[in-house]
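Commentary on secondary and tertiary structure
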Amino acid sequence: MMAVSRQKNQSILSATSCIILASSSVALLLWGTLQRRARRKAFELASLAHRLVKEGSLVDCSDVHVRAKILYAAVDRATRFWFPSSDSRPTPLKSQVGGLSDHKRRVLTADPDFCLKPLHVDERGFREIAFYESLRLAHHNESSLAKRLQIEHGDLPALDELAFACDSNRSQKHSNSNLRLTSCMWDDLAMQLFVQDEVVQGLDLNTRNAWRELRDEVDLLRRLSSFTPDYYGIIGQPTSTSYEITSESYLLLGNLTVNFKKPCVMDLKMGRKTYERDAHYTKKERECLKYEQQAEFGFRIVGMRFYDPTHVDADEEGFVFLDKHFGRSLATTDKVVDAFRVFFKTRNTPENEQRLAEALENNKSVFEINELKKQWRICMDEYRTEIITDLIEQLQCIQTWFEDNDRYCFRSSSLLFVYEGDMSQVNRDVSVVKMIDFTHVQRRKAIDEGYLHGVHNVLSMFEKLIRDEDS
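The shown structure was predicted, so the numbers you read here are calculated from the model rather than taken from an experiment.

Some points on the packing of aromatic side chains
- Summed over all chains, the structure comprises 24 aromatic pairs.
- With 5.4 Å between their ring centres and 75° between their planes, Tyr132 and Phe438 make a pair best called edge-to-face. A residue pair is termed long-range when its members are at least 10 positions apart, and Tyr132 in helix 3 (residues 123–139) and Phe438 in the loop between strand 12 (431–436) and strand 13 (441–443) qualify at 306 residues.
- On the basis of an interplanar angle of 35° and a centroid distance of 6.3 Å, the ring pair of Phe297 and Phe299 is categorised as tilted. Here Phe297 and Phe299 have matching classes, each one buried.
- By the ring-pair criterion, three or more aromatic residues cluster together here, those being Phe131, Tyr132, Tyr231, Trp401, Phe402, Tyr408, Phe410, Phe438 and Tyr451.
- Stacked on the ring of Phe319, the Lys or Arg Arg305 has its end atom at 3.7 Å from the ring centre.

As structure tokens, this is what we get:
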């Protein structure tokens, strides 16, 4: 009886040992699995964060999913602002001075205050849309980080209808939702258990550093948005075309000239280089040959249009246009400054000039002449000094931004200057300068010395005009 009892106890102990051993094995296996999941999840998060701040293009336009999401966001945005009417169709923008070519579509204008910029149908178009979308999100604090993640990597609610209009794909996506939820729960558990794991901590540090960089980028974009035209999305893009930009698509921007009666406009192509680092050598050579002084000055005049109805070359509306060939002919600093003198030259109305001449012939006193000048709003400065001074202040704000900017590199981007050319207007001293053209913006962790050099030189030349006027 005793032997049977001992044998029974031994069997129980043996079974218990097996259970303990099996439980330990399962526990170790589960522990190892959770550790691998934690490390894998930490690696995925670090990789995602790294992709968001890596040097190069802001978004991966080679990914058709990313392209579809960018187009969806831009098209959807335009539906809030663009309500086309058959009574008012877009017309060519008369004040356009850059990008004029027989093989290029014209910039258009539409009521009430829209400017329609033709989009490139290749990767450049996607880049510019993505950049404007980033600016808009940062400016309006629309949960910028989450929105950017959603556009580049996440799911948009209506994306199925736009780019993946296949029933089988949608049903498969919904059927996998529970599996993804369960997987996320296990990942969360793993990350909590192994938060002190050496590998997880290292990857987490990389992720946090990348997120800090992204936060700084958003702040830079928020500040930059005040120097760019208002952005309202894209139009002319049919929803049936999911991945590609059509030849009928336009950026919907604010018209910078809408509040001016006689807008005088100048376009400066900024930077010492107007091509990207990885551009083909033929592209680099072609760009350098356009204007050899680009590397010296940091800018070139693409075109200008000013109001002078007395000029021999004035058109029927009184404007004189100087194109890109004029800008490329300016080989010295003095010639560039002279071009600025032409653009900012004071041009009183012929009526006021005649009235002033008659007053002088009638031997009016100096006091009377000065009073008449005030009454008739006649400017006797050789240059529009009030305009130049205002533009200098705006340029200094842009200069400050570029001194702080260590994230973005701008190639083939422009500064657009606008001021009122009609001296009879009450707001004749109003002016504006904005940054335009963002098809070649790239992320690079360095100061954009080329653009900054150009802004500094433009400021120096404008200040020279003020000094010349004072002397």
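Some remarks on the nonpolar core
- Counting 73 residues, the largest nonpolar core has Phe340, Phe344, Phe410 and Phe462 as its most contacted members.
- Ranked by the residues each element gives to this core, the list is headed by helix 16 (residues 449–470), at nine residues.
- For Phe340, the residues in contact, after removing those within four places along its chain, are Met266, Leu268, Phe299, Ile301, Met461, Phe462 and Leu465.
- With 10 residues, the next largest nonpolar core counts Ala110, Phe114, Leu116 and Tyr250 among its residues.

Some thoughts on the packing of helix 12 (residues 333–344) against helix 16
- Running from N to C, helix 12 and helix 16 cross one another at 65°; their axes reach a closest spacing of 10 Å. Taken together, the axes of helix 12 and helix 16 lie roughly perpendicular to each other. Relative to helix 16, helix 12 is oriented so that their crossing is right-handed. Facing helix 12, whose interface residues are Thr333, Val336, Val337, Phe340, Arg341 and Phe344, helix 16 presents Met461, Phe462, Lys464, Leu465 and Asp468.

Concerning the sheet that holds strand 13
- The strand order 1-13-10 describes an open sheet built from three strands, whose pairing is antiparallel. Two strands close off the open sheet at either side, each with one partner strand: strand 1 (56–57) and strand 10 (408–410).
- For strand 1 and strand 13, the ladder comprises two bridges, and the chain directions are antiparallel. Counted as the bridge partner of Ser57 is Gln442 from strand 13.

Cut-offs applied
Residues numbered from 1 in each chain as written. Predicted model: local features only at pLDDT ≥ 70, side-chain atom pairs only at ≥ 80, totals over all residues. Heavy atoms only, no water. Phe/Tyr/Trp six-rings, centres within 6.5 Å; stacked < 30°, edge-to-face > 60°. Helix = DSSP H or I, 4+ residues; strand = E, 2+ residues; numbered from the N terminus. Buried < 20%, exposed > 50% of the residue type's maximum accessible area, 1.4 Å probe, protein only. Lys NZ or Arg CZ within 6 Å of the ring centre and 35° of its normal. Core = buried A, V, L, I, M, F, W, Y, C linked by side-chain atoms within 4.5 Å. Contact = heavy atoms within 4.5 Å. Axes fitted to C-alpha atoms, helices over the stretch in contact; angles between N-to-C directions. Parallel < 35°, antiparallel > 145°, perpendicular 65-115°, else oblique. Left-handed = near helix turned anticlockwise from the far one by under 90°. Pairing = 2+ DSSP bridges.

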